[in-house]
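If you want the building blocks of each chain, they are given just below.
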Amino acid sequence: MFYGDFCALDGVSLAINVGEFVSIIGPNGAGKSTLINVLTGALRPSAGTVLFKERDISGIGPVRLARLGMARSFQLVQIFPDLTVLETLQAAVVSRLNRGSRLFGSLSRDREVQEGALAIADLFGLAEKAHTPSKHLPQGDKKLLDVASAFALYPEIILLDEPTSGVSTRDKHAIMEILVSASRQLGIKSIIQVEHDMDIVFGYSDRIIALHQGKVLADGTPDEIMADEGVVDTVVGRKALAPGGGA
Amino acid sequence: MTANLINILLGGVFHAAILFLVAAGLQVVFGVQRIFNLACGSFYALGAYVGASAVNAFTGAGGPPALFIVPLALAGLLVGVVGVVVERGLLAFVYDRDETFQLLLTFALVLMLEDIVRLTWGTAPYSTSALYLAYGQVNLLGATVPVYNLIVIGASLAIALGIGWLLTRTVFGRIIRAAADNREMAEALGVDMRRVYAKVFTLGTALGTLGGALVIPATAAMSEMGIELIVEAFAVVVIGGLGSMRGAFVGALVVGVFRAVAIAVYPELEMLMIYLVVIAVLVLRPRGLFGRVAV
Amino acid sequence: MRRGPVALGLAAVTILALPLVAPVYHVLLMLPFMAYAVILLGLNLLFGYTGLVSFGHALFMGIGAYTGAVLTTHLGVRSLELILLASAVLGALVAAPVGALCVRYVKIYFGMLTLAFGMLFYTFLLKFYRLTGGDEGIRVLRPSLLGFDLAAVSKTDYLAGAYYYYSVAVLVLAALLMWRIVHSPFGLCLRTVRDNPAKAEALGISIVRSRWYAFVISAVYAAVGGALLGPPIGNVDPTLAYWTHSGNIVFMTLLGGFASFFGPVLGAFVFIFLQDTVMSVVPYWRLIFGAILAFLVIFAPGGLMGLFAGRRPGEVSRA
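What you are looking at is a predicted structure, and each value in this text was computed from that prediction instead of being measured.

**Re the overall build of chain A**
Per the secondary structure count, chain A includes nine helices and 10 strands. For 247 residues, the compact-globule estimate of 2.2 N^0.38 gives 18 Å, and the C-alpha radius of gyration of chain A, at 18 Å, lies within 12% of that figure. For chain A, the spread of C-alpha atoms along the principal axes amounts to about 60 × 40 × 30 Å. Relative to its 247 residues, chain A shows a buried fraction of 55%. Put simply, of all contacts in chain A between residues at least 6 apart along the chain, 66% involve residues at least 24 apart.

**Overview of the layout of surface pockets**
The rolling of a water-molecule-sized probe over the atoms marks out the regions of remaining empty space. All names here are of chain C. Considering only enclosed or pocket space, the second largest pocket measures out at about 1000 Å³ in volume. Lining of the second largest pocket is provided by 38 residues; of these, Tyr36, Ile233, Thr239, Leu240 and His245 occupy positions nearest its centre. Class assignment of the residues belonging to the lining of the second largest pocket gives a composition of 23 nonpolar, six polar and nine charged.

**Things to note about the interface of chain C and chain B**
On the side of chain B, 44 residues touch chain C, which itself brings 44 residues to the contact. Summed over both sides, the interface between chain C and chain B buries roughly 4300 Å², with carbon and sulfur atoms accounting for 78% of that surface. Remark: the boundary between chain C and chain B carries two salt bridges. At the junction of chain C and chain B, the tally comes to 10 residue pairs in polar contact (both at pLDDT 80 or more). Looking at the side of chain C that touches chain B, the elements that each hand over two or more residues are helix H5 (107-127), helix H11 (243-256) and helix H13 (285-299) of chain C. Of the residues forming the side of chain C that touches chain B, the biggest block, 13 residues, is contributed by H5 of chain C. Residues belonging to the side of chain C that touches chain B are distributed by class as follows: 33 nonpolar, six polar and five charged.

**Comments concerning unusual backbone geometry**
Residues and elements named next belong to chain B. Notably, arginine 34 is not glycine yet its phi reads approximately 60 degrees, a positive angle. In this fold, arginine 34 is placed in the loop between helix H1 (2-33) and helix H2 (40-60). The exposure class assigned to arginine 34 is partly exposed, which follows from its relative accessible area of 36%.

**Overview of the pattern of salt bridges**
All names here are of chain A. What the rule picks out here adds up to 21 salt bridges over all chains. Close ionic contact of aspartate 161 with arginine 72 constitutes a salt bridge, the shortest N to O distance being 3.8 Å. Highlighted residues: aspartate 161 in strand S7 (residues 157-161) and arginine 72 in strand S6 (residues 70-73), separated in sequence by 89 residues. In this structure aspartate 161 comes out as buried when scored by relative accessible area, which is 10%.

**A short note on empty space enclosed by the protein**
Using the criterion set out here, one finds four cavities of 30 Å³ or more in the structure. Within this model, the largest cavity holds a volume of roughly 100 Å³. Lining of the largest cavity is provided by 13 residues; of these, Gly100 of chain A together with Ile205, Ser206, Arg209 and Ser210 of chain C occupy positions nearest its centre. Tallying contributions element by element places helix H10 (residues 207-233) of chain C first for the lining of the largest cavity, with three residues.

**Comments concerning the sheet that holds strand S9 (residues 207-212) of chain A**
All names here are of chain A. The mixed open sheet is built from six strands, whose spatial order is S6-S7-S8-S3-S9-S10. Only two strands of the sheet have a single neighbouring strand rather than two, namely S6 and strand S10 (215-220). The sheet shows a mean angle of 15 degrees between the axes of neighbouring strands, direction not considered. In terms of strand pairing, S7 meets strand S8 (residues 190-194) through five bridges, oriented parallel. Residue pairing for S8: leucine 159 is matched across the bridge by isoleucine 192.

**Description of a nonpolar patch on the surface**
Residues and elements named next belong to chain B. On the surface, Leu5, Leu9, Val261, Val265 and Tyr266 cluster together to form a nonpolar patch covering roughly 440 Å² of accessible area. Among the elements of the structure, H1 and helix H11 (245-265) are those that each provide at least two residues to the nonpolar patch. For tyrosine 266, a relative accessible area of 41% gives the class partly exposed.

**Comments concerning the side chain of glutamine 114 of chain A**
Residue and element names in this part refer to chain A. The topology assignment puts glutamine 114 in helix H4 (residues 111-123). Polar contacts involving the side chain of glutamine 114 include one to the main-chain carbonyl oxygen of leucine 107, which spans 2.9 Å. Excluding its chain neighbours within four sequence positions, the residues that come into contact with glutamine 114 are Gln90, Leu107 and Ser108.

**Examining the interface of chain C and chain A**
Residue-level contacts link 28 residues of chain C with 33 residues of chain A. Of all residues in chain C, Pro185, Lys199 and Leu203 of chain C give up the largest surface area on contact with chain A, accounting jointly for 24% of the area buried on that side. Counting across the interface, chain C meets chain A through two salt bridges. Here glutamate 87 of chain A makes a salt bridge to arginine 191 of chain C, at a shortest N to O gap of 3.0 Å. At the junction of chain C with chain A, the criterion picks out 13 residue pairs in polar contact (both at pLDDT 80 or more). Secondary-structure elements contributing two or more residues to the side of chain C that touches chain A are helix H7 (155-182), helix H8 (185-195), helix H9 (197-202) and H10 of chain C. Per-element accounting of the side of chain C that touches chain A gives the leading share, eight residues, to H8 of chain C.

**Some details on the nonpolar core**
In terms of nonpolar packing, the biggest core is built from 215 residues, with Phe36 of chain B together with Trp243 of chain C touching the most fellow members. With near-sequence residues (within four places) excluded, phenylalanine 36 of chain B lies in contact with Leu26, Phe30, Leu103, Thr106, Phe234, Val237 and Leu242 of chain B together with Ile108 and Met112 of chain C. Of all hydrophobic cores here, the second largest spans 50 residues; its members include Leu83, Ala92, Ile120 and Ile158 of chain A.

**Looking at the packing of aromatic side chains**
Under the counting rule described, the total for this entry stands at 35 aromatic pairs over all chains. Centroid distance phenylalanine 107 of chain B to phenylalanine 55 of chain C: 6.1 Å. Interplanar angle 85 degrees. Geometry classified as edge-to-face. Within this pair, whereas phenylalanine 107 of chain B is found in helix H5 (residues 99-121), its partner phenylalanine 55 of chain C is found in the loop between helix H2 (24-47) and helix H3 (58-73), the two belonging to separate chains. Ring plane angle 85 degrees and centroid distance 5.0 Å describe the contact between tryptophan 179 of chain C and phenylalanine 261 of chain C, whose orientation is recorded as edge-to-face. Here tryptophan 179 of chain C, found in helix H7, pairs with phenylalanine 261 of chain C, found in the loop between H11 and helix H12 (263-281); they are 82 residues apart in sequence, far enough to count as distant. Each member of the aromatic cluster is reached from another via a ring pair, and the members are Phe68, Tyr132, Tyr135 and Tyr148 of chain B. Looking at arginine 96 of chain A, its charged tip hangs above the ring of tyrosine 154 of chain A, at a distance of 3.6 Å from the centre. Lying over the aromatic face of tyrosine 158 of chain C, arginine 142 of chain C brings its terminal NZ or CZ to 4.7 Å of the ring centre.

**Quick word on the environment of alanine 54 of chain B**
Residue and element names in this part refer to chain B. In this fold, alanine 54 is placed in helix H2. In this structure, the C-alpha to C-alpha distance between alanine 54 and threonine 128, residues 74 residues apart in sequence, is 9.2 Å. Apart from residues lying up to four places away in sequence, alanine 54 is in contact with Pro71 and Ala75.

**Observations regarding the packing of H2 of chain C against H10 of chain C**
Direction vectors running N to C along H2 of chain C and H10 of chain C enclose 170 degrees, while the axes themselves pass 7 Å from each other. With respect to H10 of chain C, the axis of H2 of chain C lies roughly antiparallel.

**Considerations on the environment of arginine 195 of chain B**
Residues and elements named next belong to chain B. Take arginine 195: it is sitting in helix H9 (residues 193-215). Under the relative-accessibility criterion, arginine 195 is labelled exposed at 53%. Distance from arginine 195 to valine 84, taken between C-alpha atoms, is 10.0 Å for residues 111 residues apart in sequence.

**Points about the arrangement of the chains**
By contact count, the dominant pairing among the two pairs of chains in contact is that of chains B and C. There is no contact between chain A and chain B; across them, the least C-alpha separation is 15 Å.

**Some thoughts on the pairing of S7 of chain A**
Residue and element names in this part refer to chain A. The buried fraction of S7 is high, at five of five residues. Where S6 lies against S7, four bridges are found, and the strand directions are parallel. The residue of S7 that forms the bridge with arginine 72 is leucine 159. Handedness of the S7-helix H6 (residues 169-186)-S8 crossover: right-handed.

Rules behind the numbers
- Residues numbered from 1 in each chain as written.
- Chains lettered and ligands numbered in written order.
- Predicted model: local features only at pLDDT ≥ 70, side-chain atom pairs only at ≥ 80, totals over all residues.
- Heavy atoms only, no water.
- Helix = DSSP H or I, 4+ residues; strand = E, 2+ residues; numbered from the N terminus.
- Rg over C-alpha atoms; globule rule 2.2 N^0.38 Å.
- Buried < 20%, exposed > 50% of the residue type's maximum accessible area, 1.4 Å probe, protein only.
- Contact = heavy atoms within 4.5 Å.
- 1 Å grid on protein atoms, 1.4 Å probe; cavity = no way out; pocket = protein on both sides within 12 Å on 5 of 7 lines; lining within 4 Å.
- Points joined across faces, edges and corners; volume = space filled by probe spheres on them.
- Nonpolar A, V, L, I, M, F, W, Y, C, P; charged D, E, K, R; others polar.
- Buried area = accessible area lost by both parts, 1.4 Å probe.
- Salt bridge = Lys/Arg side-chain N within 4 Å of Asp/Glu carboxyl O.
- Polar contact = N/O pair within 3.5 Å; in protein donor to acceptor, adjacent residues only side chain to side chain.
- Pairing = 2+ DSSP bridges.
- Axes fitted to C-alpha atoms, helices over the stretch in contact; angles between N-to-C directions.
- Patch = residues over 30% accessible without salt bridge, like charges linked within 9 Å, V, L, I, M, F, W, Y side chains within 5 Å.
- Areas by Shrake-Rupley, 256 points an atom, 1.4 Å probe, with all protein chains shown as cover.
- Core = buried A, V, L, I, M, F, W, Y, C linked by side-chain atoms within 4.5 Å.
- Phe/Tyr/Trp six-rings, centres within 6.5 Å; stacked < 30°, edge-to-face > 60°.
- Lys NZ or Arg CZ within 6 Å of the ring centre and 35° of its normal.
- Parallel < 35°, antiparallel > 145°, perpendicular 65-115°, else oblique.
- Right-handed = clockwise from strand over helix to strand, strands pointing away.

What follows is the structure, encoded as structure tokens:
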């Protein structure tokens, strides 16, 4: 099966292939947020199309996109403050199983939902805090819950908007490790992330796309990007690649 | 025919002039404080009762009937100081709360003020002795119009211009507009928001109470007049657009004249039509005619 | 949480035994309480669980109450089962299009739109005299219960006896059903929509559809409760549909505590009995209740349930 996202943004044209971990990098204002909004169907591009599983998804909105199999997490951590960790994950599983319109069914006796949520909590190391209200979680766990609930949708492709922003350096790699292993176990086929931390970008990506002023400056493997002087100067920065900085 | 039409239209414009004052009070408070003040109708009722009492005391003390409008307007304005009490004593506690709670707090005020009026003035309608026609009537294109109506319409227009001047030409107006746009920014620039809020709410209250006082020679004060007027003022601000002064002006004209025409033509439709317009505006253009607030 | 079932059991025993031990006057006061309890269970699905505050639910109470009046007085239908069913259906039929328009907005705009629809209906009731009896309203004739005519029973025996237990049964059924709804997958989705609409959508939960369902369900509850309000009074009039009535039921919900399932029921109880007590001393219940509401909003937004649970205001007030 071939599927790909095909996007044009200020002349940007790119295809994400099955099995890829793609990082999008670029300075502020390079068009990363616009690209994400276009990719996730929140914005309709003025020209061009976004194809997902051979279907035009431009502007279809988050709900239908999630149904189609593309999930996302947010740059500014998004949680349900008054819901517990487990309830948050249950909501995602309910949505995946399309049971949100079950008005009279018992949630606590829905074994598929209960077990599904617990499995994700285990996978993300949140099981111990399953009954903690989300608002009482430490920042790193909030971030993890945001991502975990997106994973609980079992998407084919997941889009992570700065998955480690606002998280201490110590926790960053832990989050990424969990994330990569979880995506393998859940059969998530592709990951797209937008990330500033070059350590994370070069440590985990199969492919890096550098945006600059709304255009693709470079598109290649981490090694190719690192070898490109122009990209390193404008986007990556020398300091990030200083000895000890690479993973 | 023309005489009849003029009568209906001027009746509508008189009502619009009163409505504008109350709605303007609602708008200035919403624009700056983001509070939808359900109690603005109650302030209107309070103004009506206090105004009537003041006029009765004035004429009772032998004041010349021709000057009744002086104590009336003064009383209407002065009773606006309850705004400070309400703002400092109640609203100041809930600025950081969800707007639901702010709305419910103003509903609490509606309940309290309705009974305070009953406690003070009783349940029977309360009015001034016949002063409505103290300034006589004039003939306008065949219609007989009380001069008092024209005075109120003129006063309301003057107040509308005055508010416009206040908002666009004075330092206070600039502070208000800055606060409405961006509270944090205004605070960072050294504006004492507590004082701004107290002043704005008092201004809003005084507009409502003045509206109530000015209407009283033409009608009797009743304890339910507040909760009845608030839904009309609500229609005005929805049609005009929440937070907009021009919206309050145009909205008041639309509601006032529309209502007058409906009453004359087909009384059953009176407010029914207004609510249909309100719903249509909310559904099709929630910003109203002049609103800037995005939904 | 162990205190919950005990309190509930005690309340149930008290309610069932009340007509046998309490003065008739207090038994009759329980009737509006139970009707409002049904209404508030529904309203809180919208307020507490979905985060939408309606200022127009008097519309649906009015629909229920007038359905009962028109059916018994004009159409010769006396069966309370049919009346409740018709109220529920009519409530849903009106709520479906009204809700579809209203739930596109939140916060103050949702409140204003519901208020406008409520006042539209109020004006209709007031002005279309021939249909609705204008400000005098319509009489509600004594409904038959479960096929029993009961016309021979004295009014007091009917209301404090059969009608009382009938109301208890309706309230229990309504509460059980609502308990299932809020503990269903749908109920969980509602809470996600309340807490964070953007995140809920990203999880594939349709916020508009969830809110719309909640709106229609709450309207059905309001209509059924409204139909129960009619028979004890024997008459329905447009004040039932006035906007202050909508405000009062929001008040009751806040009084009991919107953050808990039974909070609104407690709120209805305290409101009805406190209002009666106050009015037996002074006619100015609004002054006292306004002060109570102001106190609640400022110091105890969690309501009575919040005070019992020792919850701090900050935990229930959502910014």
